[in-house]
Amino acid sequence: MYYNLQKHCKLVKGATRAAIYDFKTGKVHSINQSAAGLLSACQNNALEDLWDMSSSESTQYMTFLNKLEQKDLGFFDETSSASLPERSLPDSPVKLEFLWLELTAACNSKCLHCYSESGPSRKELDLVPHHRWLSLIEEAKAAGATDIQFIGGEPLLYPKWRDLVIKAYEIGYDYIEIFTNATLVDDDCIDFFKQYNVSIATTIYANNASVHDSVTLHPNSFTKTMNAIKKLLEAKIPLRIASIIMKANEHEVPNILKLYEELGMPDAYPDVIRPTGRGDDQHLLPTTYTKPPIKPPFYTDETSFMASQTYCQCLAGKLAITSTGDIIPCIFARNQVCGNILTHSLAEVLTDSPLQQCWHTNKNQIEKCKDCEYRYACTDCRPLAQGNDPNKSWLAPPAACSYNPYTGEW
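Cut-offs and rules
- Residues numbered from 1 in each chain as written.
- Predicted model: local features only at pLDDT ≥ 70, side-chain atom pairs only at ≥ 80, totals over all residues.
- Heavy atoms only, no water.
- Domains from an automatic or database assignment.
- Helix = DSSP H or I, 4+ residues; strand = E, 2+ residues; numbered from the N terminus.
- Expected span 1.5 Å × (residues − 1).
- Buried < 20%, exposed > 50% of the residue type's maximum accessible area, 1.4 Å probe, protein only.
- Arc of directions from axis to C-beta.
- Pairing = 2+ DSSP bridges.
- Core = buried A, V, L, I, M, F, W, Y, C linked by side-chain atoms within 4.5 Å.
- Contact = heavy atoms within 4.5 Å.
- Phe/Tyr/Trp six-rings, centres within 6.5 Å; stacked < 30°, edge-to-face > 60°.

An unreviewed UniProt entry lists the protein chain under the name Radical SAM additional 4Fe4S-binding SPASM domain-containing protein, with Pelosinus propionicus DSM 13327 as the source organism.

Structure (structure tokens):
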């Protein structure tokens, strides 16, 4: 008699413990090293060959296996799972899906934490000519991109931003979004957004001008942004609001959440400052507010499980292009430059090694994570992990994870 894991289950080993991934329920079950060794032995050997079925040791093993069977994680059978074909890993992602275009480094605000270090005096960094932005939108669509976001700096300061939106709309992008501080949004903008199916994203740092404006360093910015938000909501333009928490506004979190509810966005939730650009400053870090730590219970599905062994699901298929023409895998990954669209075509960069290596960064490469049994179930932000690492390593483990896979302790 043999004992097999169910077809919807997969055993993943860590340094000292292991986990059974159940794709039917999505749950990830932690087991100790002895249990993992037993299941591994069962994959190739009949139970009668592993131990004396009449011994007390057998009773202990069978009790464990029966418990797994009761949870629909395993089953007794006459054949070994070793004869079953292994699931194949997904093909490497080559299709671009999402594109950020940082149209300008100029901004009418100078936010304390700005990842791109934008501000009123940064326009000299705008090196991409208008015709290149237009051709780039076409190249990205031809490469498979379906979603595009125009960002900055403040994208509405770019003189011909409307031309770029119209181009994306006319060639059939499924989703067009502008991430703006909304201080420049007027009635003409509202009409334009409606005409070309533009979604808007903006940022609020408090529910009052005093704190919000102290973050943006832009007097009256809170009033302007809130007025624009009201106009956008009245016009039924798709809107999402982000709030970044730092020392200057961490006491405002309850008020921000209340404001979300008042605006009809109860599912929104504040994020923590990213240690990138001006945000890479220990003096800006919140002292009481933190992101929820990485900890059990973990859940995943088979598609995500298989994909996470090959590439980073947060990065793959995405890229950002800065106002200097640099191509990076994420707006926060400022030092992971994979090429420049002023000297190369997008098609060249998409197939070149630097971008492919970033896209294919997975938990099997990341320090500590590569030895963790939960590595295919937890989320990962490479720029955040890198920014929090003293050595700024791209392969640094997430700072929000306290698990030690070498002791099996949290």
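Anyway, onward from the coordinates.
Details of the domain arrangement of the protein chain
Domain parsing of the protein chain yields domain 1 (2-77) and domain 2 (98-292). Once you take the C-alpha centre of each, domain 1 and domain 2 turn out to be 50 Å apart.

A few points about helix H8 (residues 221-234)
A rise of 1.5 Å per residue sets the reference length of H8, with its 14 residues, at 20 Å; its end C-alpha atoms lie 20 Å apart and thus fit the reference within 8%. For H8, the full list of buried residues reads Ser-221, Phe-222, Thr-225, Met-226, Ala-228, Ile-229 and Leu-232. The buried residues of H8 all sit within an arc of 160 degrees when viewed along its axis, so they share a single face. One or two positions beyond H8, positive phi appears at Lys-236, with a value near 60 degrees.

Some words on the pairing of strand S4 (residues 28-32)
The pairing of strand S3 (residues 17-22) with S4 spans five bridges and is classified as antiparallel. When the bridges of S4 are listed, Ala-18 appears paired with Ile-31. Taken together, S3 and the strand that follows it, S4, pair antiparallel across an intervening segment of five residues, in which Gly-26 is found at a positive phi of about 85 degrees.

Quick look at the nonpolar core
Counting residues in hydrophobic clusters, the biggest one holds 86 residues, and the most contacted among them are Leu-101, Phe-150, Trp-161 and Phe-193. For this core, the leading source of residues is H8, giving five residues. When neighbours within four sequence positions are excluded, Phe-150 is seen to be in contact with Leu-101, Leu-103, Ile-137, Pro-155, Leu-164, Val-165, Ala-168, Ile-176, Glu-177, Ile-178 and Phe-179. Ala-35, Trp-51, Leu-68 and Leu-73 belong to the second largest nonpolar core, which has 18 residues in total.

Topic: the packing of aromatic side chains
Scanning the model with the defined rule gives 16 aromatic pairs in all. With 5.1 Å between their ring centres and 90 degrees between their planes, Tyr-169 and Tyr-196 make a pair best called edge-to-face. Of this pair, Tyr-169 sits in helix H5 (residues 161-170) while Tyr-196 is found in the loop between helix H6 (187-195) and strand S9 (198-203), placing the two residues 27 residues apart along the sequence. Since its relative accessible area comes to 36%, Tyr-169 is described here as partly exposed. You can call Tyr-196 buried: its relative accessible area is 13%. Taken together, Trp-161, Tyr-169, Phe-192, Phe-193 and Tyr-196 form an aromatic cluster joined through their ring pairs.

Here we look at the sheet that holds strand S14 (residues 327-328)
Reading across from one edge, S10-S9-S8-S7-S6-S13-S14 is the order of the seven strands in this open sheet, with mixed pairing throughout. Among the strands making up the open sheet, the edge pair consists of strand S10 (239-242) and S14. The sheet contact formed by strand S8 (residues 175-179) and S9 spans four bridges and is parallel. Across the sheet, residue Phe-179 finds its bridge partner in S9, namely Ala-201.

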